[in-house]
Structure formats: structure tokens, C-alpha cells
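Each chain, letter by letter, is given below.
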Amino acid sequence: MSLNSIFQYFVPKDKKFFPLFEQAGANLIEMAKLLKESVNSTNLEIRKEISKKLEDLEHTGDNITHQIHLELGRNFITPFDREDIHALASSLDDVADFIHGASNRMELYKVEKPSQAMIEISDLILEATEHVATALYELKDLKNIRNITDSCVRINSVENKADYIFDKAVADLFEYEKDAITLIKYKEVLSAMEDATDKCEDVANVLESILVKNA
Amino acid sequence: MSLNSIFQYFVPKDKKFFPLFEQAGANLIEMAKLLKESVNSTNLEIRKEISKKLEDLEHTGDNITHQIHLELGRNFITPFDREDIHALASSLDDVADFIHGASNRMELYKVEKPSQAMIEISDLILEATEHVATALYELKDLKNIRNITDSCVRINSVENKADYIFDKAVADLFEYEKDAITLIKYKEVLSAMEDATDKCEDVANVLESILVKNA
Amino acid sequence: MSLNSIFQYFVPKDKKFFPLFEQAGANLIEMAKLLKESVNSTNLEIRKEISKKLEDLEHTGDNITHQIHLELGRNFITPFDREDIHALASSLDDVADFIHGASNRMELYKVEKPSQAMIEISDLILEATEHVATALYELKDLKNIRNITDSCVRINSVENKADYIFDKAVADLFEYEKDAITLIKYKEVLSAMEDATDKCEDVANVLESILVKNA
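Each residue is numbered by its place in its chain's sequence as written, counting from 1. Working convention: letters from A go to chains and numbers from 1 go to ligands, in the order in which they are written. Given that the model is predicted, a residue must reach a pLDDT of at least 70 before its local features are reported, and side-chain atom pairs must reach 80 or more before they are shown or counted; all residues, however, enter totals for whole chains, interfaces and linings. Neither water nor hydrogens contribute to the side-chain values; these are computed over all heavy atoms in the structure.

Test applied: UniProt positions are given in the numbering used here, feature names are shortened, and annotations may be inferred rather than shown by experiment.
An unreviewed UniProt entry lists chain A under the name DUF47 domain-containing protein, with Sphingobacterium olei given as the organism. Note on chain A: under the UniProt heading Sequence similarities (unreviewed entry), the record states "Belongs to the UPF0111 family."

So this is what it looks like as C-alpha cells:
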């Protein structure tokens, strides 16, 4: 039990952080929707535009993180430990990085036709970001710990599914793709997508760690 | 110094966590033994069976982690900071993931003949998990800090050896393997094995961090 | 607010850690200079010698980390939380690992001609280590929080640039390098170099986390 946990019973805690985390969650959902749209499109122009939009949204995410840091500098009493707010903001940044990264690699490596596995993992990324957003929304009211825990369990389950699809897709590449350079390209894009779900799991880990500290 | 450190002198701390960590350690040793058996076998059927067993043991590990989380929810006073118990459980999970992952990749990518480097790294993984289990066993009695530190030093040393063998094996692949796709397959399996020793080092880092906090 | 933060107003804190962190910073700069020299040289003998020197400097770094751990064992009152000192030392170790790792891969994989991207990223690694060293130097005097924050912002900016160059270089490899094995070799060396800047960003994250805790 930290001093923070003692204080929480009699000191009003600053509530400015929660809207920022909610914005970060909404931003990730928007990014995941765009990535899904991209891998479901065969129009290279549309994919290029989406990649540009994702870059902008990644900057939006960076700005939200920056505001969280500014609030950390301003507020003496935080709703939970300062370093956990910092860790949570960083882990959300990482999710945005890999969603944009997946799209960016498709663009840079000139992947013309997204594979079925990419489409399936993009669905899972969207699902994971929705659970992340739900958990962030519930965070402001630690009475609903169960809801946060449920979201974390669901994020872990989505990550397992993405892992499975990734493994199978790479196995298929080794079995059927005879051009090594094409194989590497597809593997790298899939890998960035799978990393995006891993990073959602990291967010869940930070959230669980916050819950156990404040239990 | 945290409040926890003050409490530890006069509050009996719950001892339920230690048997769970011991089980997690024993589970990792069993997994490492199976991986070693797998890379030493040329019988594809046996390797397939082992991969299935490793999947089951990974679930066993997940269950142990889940019980640790349940105990965290139940216990107000923990033997050390709650977030460290959480971090330790997560890092042990990661070791199990990569041991199973190495076996799984061999299976998925149809690696028919494990290389000499795989055999050597599997020995090192077993050695590392044994040191991890020793350190976890000693954790219940912080009088033996020296034993835990020694195990951590040994884990680091094993990781360095695995790193060296991995580097050399990849260099040899670049020198002698002319088929790029075969090269990538072997590199990926070796990489999962080397990651397993990296994750043992992460466990050692969490343990060292616990020691410095409670010193 | 931790007990540590309360103590800091009336307990003199041990200052032995700061010179050690300064040494670690200086060591990283020296390593980055050697890596830069190496990728700018076409003389294989010189590159071999530099790789050997980098290995020695990595050991120097390990020794500094070991001394930091010894001090952690000796000192009851630390300038900031014990686990943060540990995390900072670990993250500095990681930077050294990847700088040496990049040089080591060039050597092991027999990369004869470093690419333009390697030269550019080596410049950025040097820049990042200089900002790391500045931040570590300012750490002893938390009055200059602004200087540390500025260094962290610069490290992030350098990492972004390295990321961009890395992405472009890999895209070019996919476009122009027709030999898959050569492509993988160059990609792996570039990747170790880019990881070195990522690890500098991790150092910045630890520093920022220390600042928010002690704000």
C-alpha cells in the first residue's frame, strides 16, 4: 500500500487525466478502423491516403500523450501513481506506432495485395482497441474493477487469436511462397500487425498492474 | 523505502504466493526438458507429441499465473510490492511462451533436422530455467539474498552463452546456407530459443529489482 | 508521493550514484564514436579492431552497472527510488548491447560495404548518446529538470529520424536488392542500429518516469 492509496480516501484527485485517456482510446479505435479499411482495399491510391491519415492520427496520439505529461507536471495528487500514468500513456503510444507501422510497411514495401491473414488480424486489432477503450473508460471509476479486468482478459484472448493466425500465415508463406523477398515483405507486415495486438496486451498488463496496486 | 518495507517488520505476510512461484519454476524446467528432448530427436512424430505437451504445459503456466492474480485480489498484505508479484508472474509467462514458441515454429515451419546450435541452446535454456527455479525457491526466505543474486548472475551468464551461439549459428547460416527460405526458417527457430533465454534474463531483472527494493 | 520524496527534504542522499551514471554516459558516447568510425571505414582490419574495442567497452559498461548494484546494496537512502536506479542502469546496458551488436553483426555476417543508411544512423546514435549523457549529467541536480526534459525530447526526435531512415533503407533493399540473403544481412545490421536508438528512447522513458515521480 502506497501513501497514494492512503491519500485517496480523503484527498480529491484530479480528474483531468481520464478524458485524455478516453481520447487516446478513441484515437486507437479510429486508427484500427482505417487499417482495416486499408487491408480490405485493393485500390493503391486509397491505401496511400489511409497511410497518410494514420500518420496524422499517430501525431494526434503523441499530442494526447504530451498533454498527459503536462498534467503530470501540474498535478500534485494524481488518481493513481504518477509512474503508472506515464507507463499507461507510453503503452498506448506503442499501439498507435504499430498500427501506423503496419500500414507504412505495406506502403513502403509496395505490398500490392493484402493477404487474408492481414484482413483477419486487422479485425482483431480493431477488437483489441475497442476493449482497450472500454477499459480506459472504466478507469475513472475504480468501482467497476470487474469491467476493466474483463476487458483485459478479452484483450489477452484477442492477442492469442492474432498470434495463432500470424503463426499459421507464416507457416503458409514458408510452404507456398517460393520468392524469398516476397515472403519477407509479407512476414514483416504481418509481424507489425501482430505486434500491434501484443502492444494492446502490454496496455492490459499496465492496467492490471494499476489494479493490483490499488486493490 | 516503501510502507511495505516498514510493515514487513511487524505484519505477518501471506505465504501463499511462494508455492505458486515454485510451481511456475518447476513447470518451466519441465518445458525446457521437453524442448531439449525434441531438438535431440529426429522422429517427427515424437516432436509433434512434444509440441502438443508443451502447449498443455503453457496452459498449466497460465493457470498458475491466474491463481497468483486471484491471490493478489484476496491478500491485503503481500510479501513484497503487489506490482512486483505481477511483474514476476508476467515474466515467467514470457519464458513459457518462447519455449513453446520455439517448438511450435519447428512444427509449423516443418524444420526436419534441428541444428547443432539448437541442441546447444536447448541445453542452455534448461540450465537457465533451473537457475530461475532455484531463485524462486529462495525467494520465500529473504535471508538467502546471496543465493538469489548468484542465480541471477548465472542466468545472465547462460544468456550470454546463448547469445554467442545464436550469433555464430546465424553467421554460419549466412556463410553456408544458400537457400534463403531455409535460412529464414532456421534463423526464426533459433531466434525463439534465444528469446527464451532473454526472457529468463528478464525474470532475473525483476528478481534483482525486488531485492534492491527490499534490501 | 512516496516516503522517499518526504525523506528527500531532510535526509542527505548518497551522491555516489551520479559519477557512475556519468561514466556510463561517457562510455556510450565512446562506443557510438567507434561505431561511426567503423561504418565510415572500408578497411576490414580496422572494422575488426573496432569491433574488439566495442566488446571491451561493453564490458566496461557491465562493470559500471555492477558497481551501481553494489552501491544499491550498500546505501539505505538513495537519491531516487531504488528500482528506478536499477531500471536506469539496465536501460543503459541495453544501449551498449545494441551498439556492440550492430558492429558484431557486420563482422559476423561479413558485410563488406556499410551502406549510406548505416552511416546516417550511426550519426544519429552518436547524437542520441550525447543527449543521454547530458541528461545523466543533469540528474544530480533536479533543479534542472527542464534540461533533462529537453534531452529526452531530443532523444525522441533522433529516434524518429532513425526510424524514418531505417524504413526508407529497408524499402530500398526490397526495391533494388535482388539477392535475398544479402537483403537479410543488411536489414539485420540496420535493425540492430535502429534498436540502439530505440534503447536510447527507453532510457529517456525511464528518466521521464523518474522525473514524474519526483516532481
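## Digging into the relation of the copies chain A and chain C
Put simply, the test is: Superposing copies: least-squares fit, C-alpha atoms only, residues required to have pLDDT of at least 70 in both. Throughout, a contact is declared for two residues whenever any of their heavy atoms are within 4.5 Å.
With an RMSD of 0.0 Å, the operation that places chain A on chain C is a rotation of 120 degrees combined with a shift of 0.0 Å along the axis. A rotation of that kind, with that shift, is consistent with a three-fold axis. In terms of C-alpha distance to the rotation axis, chain A has A180(A) as its closest residue, with the C-alpha 3.5 Å off the axis. With a heterologous cut-off of 20% or less, the 17% of interface residues of chain A that recur at the interface of chain C puts this contact in the heterologous class.

## Observations concerning the state of the cysteines
Just so we agree on the cut-off: Two cysteine sulfur atoms make up a disulfide if the distance between them is within 2.5 Å.
A full pass over the atoms with the stated rule returns zero disulfides over all chains. C200(A) carries a free sulfur, and the closest cysteine sulfur to it, the one in C152(A), is 11 Å from it.

## Some points on the layout of surface pockets
How we decide: Here a cavity denotes a set of grid points, spaced 1 Å apart and computed over the protein atoms alone, in which a 1.4 Å probe fits but from which it cannot get out, and a pocket denotes an open set meeting protein on both sides within 12 Å along at least five of seven lines; residues with an atom within 4 Å of a point are reported as lining. Grid points are joined across faces, edges and corners, and a volume is the space filled by probe spheres set on the points. Working definition: helices are DSSP H or I runs of at least four residues, strands are E runs of at least two. Numbering for both runs from the N terminus. Under the scheme applied, nonpolar residues are Ala, Val, Leu, Ile, Met, Phe, Trp, Tyr, Cys and Pro; charged residues are Asp, Glu, Lys and Arg; polar residues are all the others, including Gly.
Considered as a void within the structure, the second largest pocket measures approximately 320 Å³ in volume. If you trace the second largest pocket, you find 18 residues lining it, with L44(C), M106(C), E107(C), L108(C) and K110(C) closest to the centre. Those elements giving two or more residues to the lining of the second largest pocket turn out to be α6 (145-176) of chain B together with α3 (44-74) and α4 (82-108) of chain C. Per-class residue counts for the lining of the second largest pocket are five nonpolar, four polar and nine charged.

## So, the interface of chain A and chain C
The line we're drawing: When two parts are put together, the accessible area they lose, computed with a 1.4 Å probe and summed over both, is reported as buried area. Note on definitions: salt bridges are taken to be side-chain nitrogens of Lys or Arg within 4 Å of carboxyl oxygens of Asp or Glu. For this analysis, a polar contact is any N or O atom pair within 3.5 Å, provided that within protein one partner can donate a hydrogen and the other can accept it, and provided that sequence-adjacent residues contribute only side-chain to side-chain pairs.
Between chain A and chain C, the residue contacts involve 18 residues of the former and 22 residues of the latter. Between chain A and chain C, roughly 1,700 Å² of surface is buried when both sides are summed, and carbon and sulfur atoms account for 67% of that area. Counting the contacts that link chain A with chain C gives three salt bridges. In this assembly, chain A and chain C are joined by five residue pairs in polar contact (both at pLDDT 80 or more). For the side of chain A that touches chain C, the elements supplying multiple residues, two or more each, are α1 (3-7), α3 (44-74), α4 (82-108) and α7 (180-213) of chain A. Of all the elements, α4(A) adds the most residues to the side of chain A that touches chain C, at six residues.

## Examining the interface of chain B and chain C
The interface of chain B with chain C comprises 22 residues on the first partner and 18 residues on the second. Buried area between chain B and chain C, summed over both chains or domains, comes out near 1,700 Å², and the portion from carbon and sulfur atoms is 68%. Residues E188(C) and K187(B) are paired through a salt bridge, measuring 3.1 Å at the closest nitrogen-oxygen approach. Taken together, the connections running from chain B to chain C amount to five residue pairs in polar contact (both at pLDDT 80 or more). When its residues are assigned to classes, the side of chain B that touches chain C shows 11 nonpolar, three polar and eight charged.

## A look at the environment of S151(B)
Residues and elements named next belong to chain B. What counts, and what does not: Burial here depends on accessible area, computed with a 1.4 Å probe over protein chains only, as a share of the maximum for the residue type. Under 20% is buried, over 50% is exposed, and the range in between is partly exposed.
The topology assignment puts S151 in helix α6. Relative accessible area serves as the criterion here: at 1%, S151 is assigned to the buried category. Separated by 110 residues in sequence, S151 and S41 have C-alpha atoms that sit 30 Å apart. Residue contacts for S151: discarding those within four places in its chain leaves H131, T134 and A135.

## Quick word on the side chain of R105(B)
All names here are of chain B. Its place among the elements puts R105 in helix α4 (residues 82-108). One polar contact links the side chain of R105 to the main-chain carbonyl oxygen of E188, over a distance of 2.8 Å. Each residue touching R105, except ones within four places of it in the same chain, is listed here: K110, E188, V189 and A192.

## Section: the relation of the copies chain B and chain C
The two chain copies are related to each other by a rotation about an axis together with a translation along it. When chain B is brought onto chain C, the operation consists of a screw motion whose angular component is 120 degrees and whose axial shift is 0.0 Å, with 0.0 Å RMSD remaining. A different interface surface on each copy is seen, since only 14% of the contact residues of chain B are contact residues in chain C too.

## Description of the pattern of salt bridges
Following the criterion strictly, the structure yields 39 salt bridges over all chains and no others. The partner of D150(A) in a salt bridge is R146(A), with the nearest N and O atoms 3.3 Å apart. Pair noted here: D150(A) and R146(A) are both in helix α6 (residues 145-176), with a separation of four residues, about one helical turn. Linking R105(C) and E188(C) is a salt bridge whose minimum nitrogen-to-oxygen distance equals 3.5 Å. Of this pair, R105(C) sits in helix α4 while E188(C) sits in helix α7 (residues 180-213); the two residues are 83 residues apart in sequence, bridging distant segments of the chain. Both residues of the pair, R105(C) and E188(C), belong to the buried class.

## Looking at the packing of aromatic side chains
Note the following rule: Two rings from Phe, Tyr or Trp (for Trp, the six-membered ring) form a pair when their centres are within 6.5 Å of each other. A pair whose planes differ by under 30 degrees is stacked, one over 60 is edge-to-face, and the rest are tilted. Whether a charge lies above a ring is judged from NZ of Lys or CZ of Arg, which has to be within 6 Å of the ring centre and within 35 degrees of the ring normal.
The full count for this structure, using the stated rule, is six aromatic pairs over all chains. Both rings, one in F174(B) and one in Y109(C), keep their centres 4.5 Å apart while their planes meet at 55 degrees; by these two values the pair is tilted. Here Y109(C) lies in the loop between α4 and α5 (116-138) and F174(B) lies in helix α6, a pairing that spans two chains. Given a relative accessible area of 5%, F174(B) falls into the buried group. Across the ring face of Y137(B), the terminal group of K140(B) is positioned such that the distance to the ring centre comes to 3.7 Å.

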